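One-letter residues, chain by chain:
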Amino acid sequence: MLIRDGIPTAEDLASVLPSPERLAKGPIAIAECFQSIACNPCTKACPQHAITMEPDINALPKIDPDKCVGCRLCVAKCPGLAIFVVDMTHGENTALVTLPYEFLPVPEKGQAVAGLSRSGEKLGEFRVFGVASGGKANLTWMVTLEVPKELAMEVRNIRVEV
Ligand code: SF4
Ligand code: SF4
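First things first, this report covers the structure right here in the doc. (Residues numbered from 1 in each chain as written. Chains lettered and ligands numbered in written order. Predicted model: local features only at pLDDT ≥ 70, side-chain atom pairs only at ≥ 80, totals over all residues. Heavy atoms only, no water.)

This paragraph deals with the overall build of the protein chain. When helices and strands are tallied, the protein chain shows four helices and nine strands. Traced from its N-terminal end to its C-terminal end, the protein chain shows the element sequence α-α-α-β-α-β-β-β-β-β-β-β-β. In terms of overall dimensions, the protein chain is globule-like: its C-alpha atoms have a radius of gyration of 15 Å, near the 15 Å expected for 162 residues. Its C-alpha atoms give the protein chain principal-axis dimensions of about 45 × 35 × 35 Å. Counting every atom, the protein chain has about 8800 Å² of accessible surface; 55% of that belongs to carbon and sulfur. Computed over 16 positive and 19 negative side-chain charges, the inter-centroid distance for the protein chain is 6 Å. (Helix = DSSP H or I, 4+ residues; strand = E, 2+ residues; numbered from the N terminus. Rg over C-alpha atoms; globule rule 2.2 N^0.38 Å. Areas by Shrake-Rupley, 256 points an atom, 1.4 Å probe, with all protein chains shown as cover. Lys, Arg positive; Asp, Glu negative; His and termini not counted. Charge placed at Lys NZ, Arg CZ, Asp CG, Glu CD.)

The structure is reproduced here in structure tokens:
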């Protein structure tokens, strides 16, 4: 349960996961943000104005699946490391998962890293498809992993095993 161990329940996730129809159209952001706190950098980060919160800053963010283009700009801007971008259209059997990362060493493109579940369980070794900086004033990196499609909604962290 989120309040006890930080792990969202299946019901929590069902409330934010995009529809299969939207996932089939291309990359989309998923905000796994489930606690009402005064926080809104995600709404400012999105050039498409796809992330909103109503009635005020204490509400949970909502992502408009028709406005989000999966650009990933919001991923590094979330201080809660709660936003991921999933692209189920990447390959026949593979998907891309972009996740925020704040540890060292930062992995390199092409490197194999451990993909972890929301509870920290190792789900396998996956190839880093790309790495992007969050910007000069932002030490959060965006790491994109290539994973089997069936794990695209499960892999939410990485461990760089050196
Ligand atoms: S991925 Fe891009 S378009 Fe989608 S919500 Fe994030 S910033 Fe907006
Ligand atoms: S910036 Fe992150 S933690 Fe803050 S409201 Fe948006 S998704 Fe939640």
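Around ligand 1, a shell composed of A29, C46, P47, Q48, I51, C68, V69, G70, C71, R72, L73 and C74 is seen. Across the shell around ligand 1, the residue classes break down as nine nonpolar, two polar and one charged. (Near = heavy atom within 4 Å. Nonpolar A, V, L, I, M, F, W, Y, C, P; charged D, E, K, R; others polar.)

With that out of the way, let us pick up the nonpolar core. Formed by 39 residues in total, the largest nonpolar core has its most connected members in I83, V143, L145, V147 and I158. Listing elements by their share of this core, those giving two or more residues are β1 (28–31), α4 (41–45), β4 (83–87), β5 (94–101), β7 (122–133) and β8 (141–148). Contacts of L145, omitting those with residues within four sequence positions, involve A95, L96, V97, V113, G115, F126, R127, V128, F129, V155 and I158. (Core = buried A, V, L, I, M, F, W, Y, C linked by side-chain atoms within 4.5 Å. Buried < 20%, exposed > 50% of the residue type's maximum accessible area, 1.4 Å probe, protein only. Contact = heavy atoms within 4.5 Å.)

Take the site of ligand 2 next. Contacts to ligand 2 come from C33, C39, P41, C42, M53, P61, C78, P79 and I83. Residue classes in the shell around ligand 2 are distributed as nine nonpolar, no polar and no charged.

For the structure on display, the rule yields one aromatic pair. Directly above the ring of F84 sits R156, whose terminal nitrogen or CZ lies 5.0 Å from the centroid. (Phe/Tyr/Trp six-rings, centres within 6.5 Å; stacked < 30°, edge-to-face > 60°. Lys NZ or Arg CZ within 6 Å of the ring centre and 35° of its normal.)

With that settled, consider the pattern of salt bridges. Using the criterion set out here, one finds six salt bridges in the structure. A salt bridge links R156 to E32; the nearest nitrogen and oxygen atoms lie 2.9 Å apart. With R156 in the loop between β8 and β9 (157–159) and E32 in the loop between β1 and α4, the pair connects residues that are 124 residues apart, well separated along the chain. When sorted by exposure, R156 lands in the same class as E32, which is buried. A salt bridge links E146 to R127; the shortest N-O distance between them is 3.0 Å. Here E146 is found in strand β8, whereas its partner R127 is found in strand β7, with 19 residues between them in sequence. Taking the relative accessible area as the measure of exposure, R127 reaches 37% and is therefore partly exposed. (Salt bridge = Lys/Arg side-chain N within 4 Å of Asp/Glu carboxyl O.)

Looking now at the side chain of S117. Residue placement: S117 occurs in the loop between β6 (112–116) and β7. Contact partners of S117, with chain neighbours within four places excluded, come to L123 and E154.

When β6 meets β7, the two strands line up antiparallel, connected through five bridges. Paired with G115 across the two strands is G124, which belongs to β7. Here β7 pairs with β8 via six bridges, running antiparallel. By the bridge assignment for β8, V131 is matched with V143. (Pairing = 2+ DSSP bridges.)

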